Amino acid sequence: MHIFFISSILYGLFLISSGMYRFYMAGSKNALWFGVVMGAFALLAGLLSLKKPGKMPYYIQSVVIVFVGGFFIKKIMGDLEGDSLFRVISLIICSVLMAILTGIAFIRKA
């Protein structure tokens, strides 16, 4: 449970900082809001995992992973439009790692 909490917090902070970085570098308000909202949901999932004994944190984190991972996989398959390849790949890798940790935590919870 603590591994899920720590990884969710790190994942959420990474999403927020990635959105802020994209906003700073390219002025993309969409990237800022996407990073902040998805990061906030990831942080919420992490905090709920400590407070609420149910499976809701894992469902919330799964939705975040699907949105973030799916968006950036679609982005790398299409045009990056001047976006940093390193940022996009790192977001995909972090989403895959978070998906694995979420799956393991969910199975242990069941």
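Residues numbered from 1 in each chain as written. Predicted model: local features only at pLDDT ≥ 70, side-chain atom pairs only at ≥ 80, totals over all residues. Heavy atoms only, no water.

## Topic: the packing of helix H1 (residues 2-26) against helix H4 (residues 85-109)
Thought 1: As a packed pair, H1 and H4 sit with axes 10 Å apart at the nearest point and diverge in direction by 160°. As far as their axial angle goes, H4 and H1 are roughly antiparallel. Crossing of H1 against H4: the hand is left-handed. Residues Ile3, Phe4, Ser7, Ser8, Tyr11, Phe14, Leu15, Ser18, Tyr21 and Arg22 of H1 pack against Arg87, Ser90, Leu91, Cys94, Ser95, Met98, Leu101, Thr102 and Ala105 of H4.
Thought 2: Taken together, the residues that form the contact of H1 with H4 break down as 11 nonpolar, 6 polar and 2 charged. (Axes fitted to C-alpha atoms, helices over the stretch in contact; angles between N-to-C directions. Helix = DSSP H or I, 4+ residues; strand = E, 2+ residues; numbered from the N terminus. Parallel < 35°, antiparallel > 145°, perpendicular 65-115°, else oblique. Left-handed = near helix turned anticlockwise from the far one by under 90°. Contact = heavy atoms within 4.5 Å. Nonpolar A, V, L, I, M, F, W, Y, C, P; charged D, E, K, R; others polar.)

## With respect to the packing of aromatic side chains
Thought 1: Applying the stated rule across the entire model yields 6 aromatic pairs.
Thought 2: Consider the rings of Phe34 and Phe71, whose centres lie 5.2 Å apart with planes at 45°: the pair is tilted. With Phe34 in helix H2 (residues 29-51) and Phe71 in helix H3 (residues 56-77), this residue pair connects regions lying 37 residues apart in the sequence.
Thought 3: On the basis of relative accessible area, Phe71 is assigned to the partly exposed category, the value being 40%.
Thought 4: Taking the centre distance of 6.2 Å and the plane angle of 75° together, the rings of Tyr58 and Phe106 count as edge-to-face. Separated by 48 residues along the polypeptide, Tyr58 in helix H3 and Phe106 in helix H4 bring together distant segments of the chain.
Thought 5: Three or more aromatic residues joined by ring pairs make a cluster, and in this case those are Phe4, Tyr58, Tyr59 and Phe106. (Phe/Tyr/Trp six-rings, centres within 6.5 Å; stacked < 30°, edge-to-face > 60°. Buried < 20%, exposed > 50% of the residue type's maximum accessible area, 1.4 Å probe, protein only.)

## A look at the environment of Leu43
Thought 1: Note that Leu43 resides in helix H2.
Thought 2: Residues Leu43 and His2 lie 41 residues apart in sequence; the distance between their C-alpha atoms is 13 Å.
Thought 3: Residues contacting Leu43, with those up to four places away along its chain left out, are Ser8, Ile9, Gly12, Leu13 and Ile16.

## Observations concerning H3
Thought 1: Taking 1.5 Å as the rise per residue, H3 with 22 residues should run 32 Å; its terminal C-alpha atoms sit 31 Å apart, in good agreement.
Thought 2: Along H3, the positions that sit buried rather than exposed are Pro57, Tyr58, Ile60, Gln61, Val64, Ile65, Val68, Gly69, Phe72 and Lys75. All buried residues of H3 lie within an arc of 155° about the axis, which places them on one face of the element. Summarising the geometry of H3, the exposed residues directed more than 90 degrees from the buried face are Val66, Lys74 and Met77.
Thought 3: Turning to H3, the residues buried within the fold contact H1, H2 and H4. (Expected span 1.5 Å × (residues − 1). Arc of directions from axis to C-beta.)

## Observations concerning the confidence of the model for the chain
Thought 1: Predicted confidence across the chain gives a mean pLDDT of 91, with 96% of residues reaching 70 or more.
Thought 2: Per-element averaging of pLDDT across the chain places H4 at the bottom with 92 and H2 at the top with 94. (pLDDT = per-residue confidence, 0-100.)

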